[in-house]
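Below are the chains, spelled out letter by letter.
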Amino acid sequence: DGGITQSPKYLFRKEGQNVTLSCEQNLNHDAMYWYRQDPGQGLRLIYYSQIVNDFQKGDIAEGYSVSREKKESFPLTVTSAQKNPTAFYLCASSPRGRQIGTQYFGPGTRLLVL
Amino acid sequence: AQKVTQAQTEISVVEKEDVTLDCVYETRDTTYYLFWYKQPPSGELVFLIRRNSFDEQNEISGRYSWNFQKSTSSFNFTITASQVVDSAVYFCALIGNADMRFGAGTRLTVKP
């Protein structure tokens, strides 16, 4: 079945540690996105990528990094520079340019700090 | 600047009641798209509908209906004869020439 997978479902980070969240899609979508969701709030864009080997910062990119080496994959690294990483992270993809394509979401990864 | 406002933070209804979720948006773009997503307790956002700025026709899909009014910059969502399975957080979103903007969401609780 086509879809977006995210792993792990839960992730625990120790102070000063970098962690990587996985996002894979087999929908043949061009664009991929990472959002952060805090309790009681909407989604905020961290990074997005419209094509392989290219990505752009969103509203809250500080403390995060991404790569887009393959069309299907868009991993997000939460670095030690991100001082408040506890949140729910959602990956999405869209079939056309970011401005008009409907975004489809993965199941999310919940990141907790130990 | 683009902005989406969902003024209703939480709504609670009893099963079979009708409920309307409000969405008001701001944009200077002439071409834009509006969306509604459902986020059940599992967390995954489920796409419900997309509307472009040139199509003001209301849409109905089963128990769901949407009312788009450019004159008031609103894109409201109505659930008819609500069911317990409708309990979720609902997000309205807008995309124009910038990145997609989401409202803060409305938590709907449908009690049996």
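The coordinates are above.
Residues numbered from 1 in each chain as written. Chains lettered and ligands numbered in written order. Predicted model: local features only at pLDDT ≥ 70, side-chain atom pairs only at ≥ 80, totals over all residues. Heavy atoms only, no water.

(A) Here's a closer look at the overall build of chain A. Counting its secondary structure elements, chain A contains zero helices and eleven strands. Overall, chain A shows an N-to-C arrangement of helices and strands of β-β-β-β-β-β-β-β-β-β-β. Here the C-alpha radius of gyration of chain A, 13 Å, is about what a compact globule of 114 residues would show, namely 13 Å. Considering only C-alpha atoms, chain A reaches an extent of 40 × 30 × 25 Å along its principal axes. Taking all 114 residues of chain A together, 49% fall into the buried category. Within chain A, contacts between residues at least 6 apart in sequence are counted, and of these 53% link residues at least 24 apart. For chain A, the exposed area adds up to about 5500 Å²; of that, 47% sits on carbon and sulfur atoms. For chain A, the separation between the mean place of its 13 positive charges and that of its 10 negative charges on side chains is 4 Å. (Helix = DSSP H or I, 4+ residues; strand = E, 2+ residues; numbered from the N terminus. Rg over C-alpha atoms; globule rule 2.2 N^0.38 Å. Buried < 20%, exposed > 50% of the residue type's maximum accessible area, 1.4 Å probe, protein only. Contact = heavy atoms within 4.5 Å. Areas by Shrake-Rupley, 256 points an atom, 1.4 Å probe, with all protein chains shown as cover. Lys, Arg positive; Asp, Glu negative; His and termini not counted. Charge placed at Lys NZ, Arg CZ, Asp CG, Glu CD.)

(B) Quick peek at the interface of chain B and chain A. Contact residues are listed per partner, giving 21 residues for chain B and 22 residues for chain A. Linking B:Arg101 and A:Asp59 is a salt bridge whose minimum nitrogen-to-oxygen distance equals 2.4 Å. One can count three residue pairs in polar contact (both at pLDDT 80 or more) joining chain B with chain A. Where the side of chain B that touches chain A is concerned, the elements lending two or more residues are β5 (33-39), β6 (46-52), β10 (88-95) and β11 (101-102) of chain B. Ranked by residue count, the leading element in the side of chain B that touches chain A is β5(B), at four residues. (Salt bridge = Lys/Arg side-chain N within 4 Å of Asp/Glu carboxyl O. Polar contact = N/O pair within 3.5 Å; in protein donor to acceptor, adjacent residues only side chain to side chain.)

(C) Region of the structure containing the state of the cysteines. As enumerated under the stated definition, the model contains two disulfides over all chains in all. A sulfur-sulfur distance of 1.8 Å marks the disulfide that ties A:Cys23 to A:Cys91. Sign of the S-S torsion, about -75° for the bond between A:Cys23 and A:Cys91, identifies this disulfide as left-handed. Taken as a pair, A:Cys23 in strand β3 (residues 19-25) and A:Cys91 in strand β9 (residues 87-94) lie far apart in primary sequence, 68 residues in all. Like A:Cys91, A:Cys23 is buried. What pairs with B:Cys23 in a disulfide is B:Cys92, and their sulfur atoms sit 2.0 Å apart. Between B:Cys23 and B:Cys92, the disulfide has an S-S torsion of -65° and is therefore left-handed. Of this pair, B:Cys23 sits in the loop between β3 (19-21) and β4 (24-26) while B:Cys92 sits in strand β10, and the two are 69 residues apart along the sequence. (Disulfide = S-S within 2.5 Å.)

(D) A look at the side chain of A:Thr102. For A:Thr102, the position within the fold is in the loop between β9 and β10 (104-105). The exposure class assigned to A:Thr102 is buried, which follows from its relative accessible area of 8%. For A:Thr102, the contacting residues outside a window of four places in its chain are A:Ser93, A:Ser94, A:Pro95, B:Phe35, B:Tyr37, B:Phe47 and B:Arg50.

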